[in-house]
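Structural overview for review
Residues per chain are reported as follows:
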Amino acid sequence: MQRRTFLLSASAAGVGMAFGLESARHGLNRAVSEGVPVDLEDWNEIVREYGAAYVTHTSTELQEMLLVDVLSLEAALGSSRSASQRRELYRIGALLSQYMAQSIGDLGRRREGARWWRTARYAADCSGDPHTIMFVRGRKAIRGIYDGLDPEAIIEEIGKCDPLIADGPAVGRPSLLAARAQSFALLGRADEAESSLNDLRETFAALPSSMTKDHSWHCWAYPEERVRFAESFVYSHLGDSRRAEEAQAAALNLYPPNSRRGPVQIELQRGICLVSAGDPTEGAGHATTTLAGLPIEHRTRFVMGLGEQVLAAVPKGQRRMRSALELHELLRDDAFCREKAIGS
């Protein structure tokens, strides 16, 4: 928490000063560590901090914090002479890069975000760590769903990881399996979606308790609400309202109090259910009310992508009704505000 406070306050004075202070701190760590050039435990803790900050901080704040740490990591790599430590730092670089990719993408800069995803994937591959390789690819697949990528393409990309899913560590599988289940649901392929959900449930049961009890957003955490979220997404898109509502109720009961976006996402999936049940007016209206209550700085792609899915579920012949037009206007205005902020 003290580190996050420092980075946020230091950003006001410029990245250069913040980087200088952090570089000096890491340099002191190296100097007092009796010949150990890199404090890997410190870097792992930094990744964990971002997992906690992702829930509460805005994308702008995260980007500013990450830039300082990415520059510091570059300096650490430049001073490291141990091949094994460099591989560990590649792993840290992959994990920081996927946070940067998501933060930049949330600010509307998708092309820059895509470049950071490539860096994350490359760094993960260079690390040789199966957990990190699977995690980065899984998070990229999940992100693609909310960026509106073709579900078939997402499924095909996940298929390239099948050897790792089969033989790699269970801790690396959840995001890949959840992305596969959700992509099948978007295509209406119910049997395959259910099979992927079963794989996700079995994997969750095999995860260590330290991972399932951690509500953060890093590679060492996968709490139960994410399983229920995946179920809600799948059943909402497949039109199975009963099971969707059960999953939604379970997820809402599991989210920690500081989770601002998770409950909003569940309510947007409830909007999809309402549309699927034959009430597009209520569904679109529910989505608009839900989004309007969320400050714009917390409207990430994981939120707004679901809002777009609610609108897409409304039959084309009914998209001129008032509630659908209001939802369309909110989504359009949000995108415009982001573009204007980026250009200013």
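The text that follows walks through the structure, step by step, so that each part is easy to find.

Rules behind the numbers
- Residues numbered from 1 in each chain as written.
- Predicted model: local features only at pLDDT ≥ 70, side-chain atom pairs only at ≥ 80, totals over all residues.
- Heavy atoms only, no water.
- Helix = DSSP H or I, 4+ residues; strand = E, 2+ residues; numbered from the N terminus.
- Buried < 20%, exposed > 50% of the residue type's maximum accessible area, 1.4 Å probe, protein only.
- Lys, Arg positive; Asp, Glu negative; His and termini not counted.
- Salt bridge = Lys/Arg side-chain N within 4 Å of Asp/Glu carboxyl O.
- Contact = heavy atoms within 4.5 Å.
- 1 Å grid on protein atoms, 1.4 Å probe; cavity = no way out; pocket = protein on both sides within 12 Å on 5 of 7 lines; lining within 4 Å.
- Points joined across faces, edges and corners; volume = space filled by probe spheres on them.
- Nonpolar A, V, L, I, M, F, W, Y, C, P; charged D, E, K, R; others polar.
- Axes fitted to C-alpha atoms, helices over the stretch in contact; angles between N-to-C directions.
- Parallel < 35°, antiparallel > 145°, perpendicular 65-115°, else oblique.
- Left-handed = near helix turned anticlockwise from the far one by under 90°.
- Phe/Tyr/Trp six-rings, centres within 6.5 Å; stacked < 30°, edge-to-face > 60°.
- Lys NZ or Arg CZ within 6 Å of the ring centre and 35° of its normal.
- Expected span 1.5 Å × (residues − 1).

Let's shift gears to the side chain of R226. With respect to the element layout, R226 can be found in helix α13 (residues 224-238). Comment: no salt bridge for buried R226; closest opposite-charge side chain is E225, at 5.7 Å. Discounting residues that sit within four places of it in the chain, R226 has contacts with H215, S216, W217 and A221.

A word on empty space enclosed by the protein. Across all of its chains, the model carries three cavities of 30 Å³ or more by this definition. Each pocket or cavity is described by its volume, and for the largest cavity that value is around 140 Å³. Forming the walls of the largest cavity are 18 residues, and the residues nearest its centre are F135, R139, S175, H218 and R226. With three residues, the top contributor of residues to the lining of the largest cavity is helix α5 (residues 83-106). Looking at the lining of the largest cavity residue by residue, the class counts come to 10 nonpolar, five polar and three charged.

This next bit is on the environment of D334. Mapping D334 onto the fold places it in helix α18 (residues 322-343). Once residues lying within four places of it in the same chain are set aside, the contact partners of D334 are I296, R299 and M304.

Attention now goes to the packing of helix α3 (residues 40-56) against α5. As a packed pair, α3 and α5 sit with axes 10 Å apart at the nearest point and diverge in direction by 20°. Between α3 and α5, the crossing angle belongs to the class labelled roughly parallel. You can see that α3 and α5 cross each other, and the crossing is left-handed. Only Q85, E88, L89, R91, I92, L95, L96, Y99, Q102 and D106 of α5 make contact with α3, whose side of the interface consists of L40, W43, N44, I46, V47, Y50, G51 and Y54. Looking at the contact of α3 with α5 residue by residue, the class counts come to 11 nonpolar, four polar and three charged.

Okay, the packing of helix α6 (residues 110-127) against helix α7 (residues 130-146) next. Two packed helices can be described by the angle between their axes and the distance between those axes. Here α6 crosses α7 at 160°, and the two axes come no closer than 8 Å. One finds that α6 runs roughly antiparallel with respect to α7. Between α6 and α7 the crossing geometry is left-handed. In contact with W117, A120, R121, A124, D125 and S127 of α6, α7 contributes T132, I133, V136, R137, R139, K140 and R143. Looking at the contact of α6 with α7, its residues break down into five nonpolar, two polar and six charged.

The next subject is the environment of I133. In this fold, I133 is placed in helix α7. On the accessibility criterion, I133 (13% relative accessible area) is buried. Residues I133 and G168, spaced 35 residues apart in sequence, show a C-alpha to C-alpha distance of 9.9 Å. Sequence-distant contacts of I133, defined by excluding residues within four places in its chain, comprise A124, D125, G128 and L164.

Under the defined criterion, the tally for this structure stands at five aromatic pairs. The interplanar angle of 55° and the centroid separation of 6.1 Å between the aromatic rings of Y54 and W217 together place this pair among those described as tilted. Of this pair, Y54 sits in helix α3 while W217 sits in the loop between α12 (209-212) and α13, placing them 163 residues apart in sequence. The buried category is assigned to Y54, whose relative accessible area is 8%. For the ring pair Y146 and F233, a centre distance of 6.1 Å and an interplane angle of 70° mean the geometry is edge-to-face. Of the two residues, Y146 is situated in helix α7 and F233 in helix α13; the sequence distance between them amounts to 87 residues. Both residues of the pair, Y146 and F233, count as buried. Site record: aromatic cluster; members linked through ring pairs are Y50, Y54, Y99 and W217. Across from the ring centre of W217, 3.8 Å away, lies the NZ or CZ of R226, which sits over that ring. The positively charged end of R261 is found above the aromatic ring belonging to Y54, 5.4 Å away from the centroid.

Take helix α15 (residues 261-276) next. The end-to-end C-alpha distance of α15, which contains 16 residues, comes to 23 Å, matching closely the 22 Å that a straight helix rising 1.5 Å per residue would cover. With respect to burial, α15 is a largely interior element, 12 of its 16 residues being buried. Buried within α15 are the following residues: R261, G262, V264, Q265, I266, E267, L268, Q269, G271, I272, C273 and V275. The inward-facing, buried residues of α15 contact α3, α7, α13, α14 (241-254), α16 (280-292) and α17 (301-313). Within two residues after α15, G278 carries a phi angle of roughly 100°, on the positive side.

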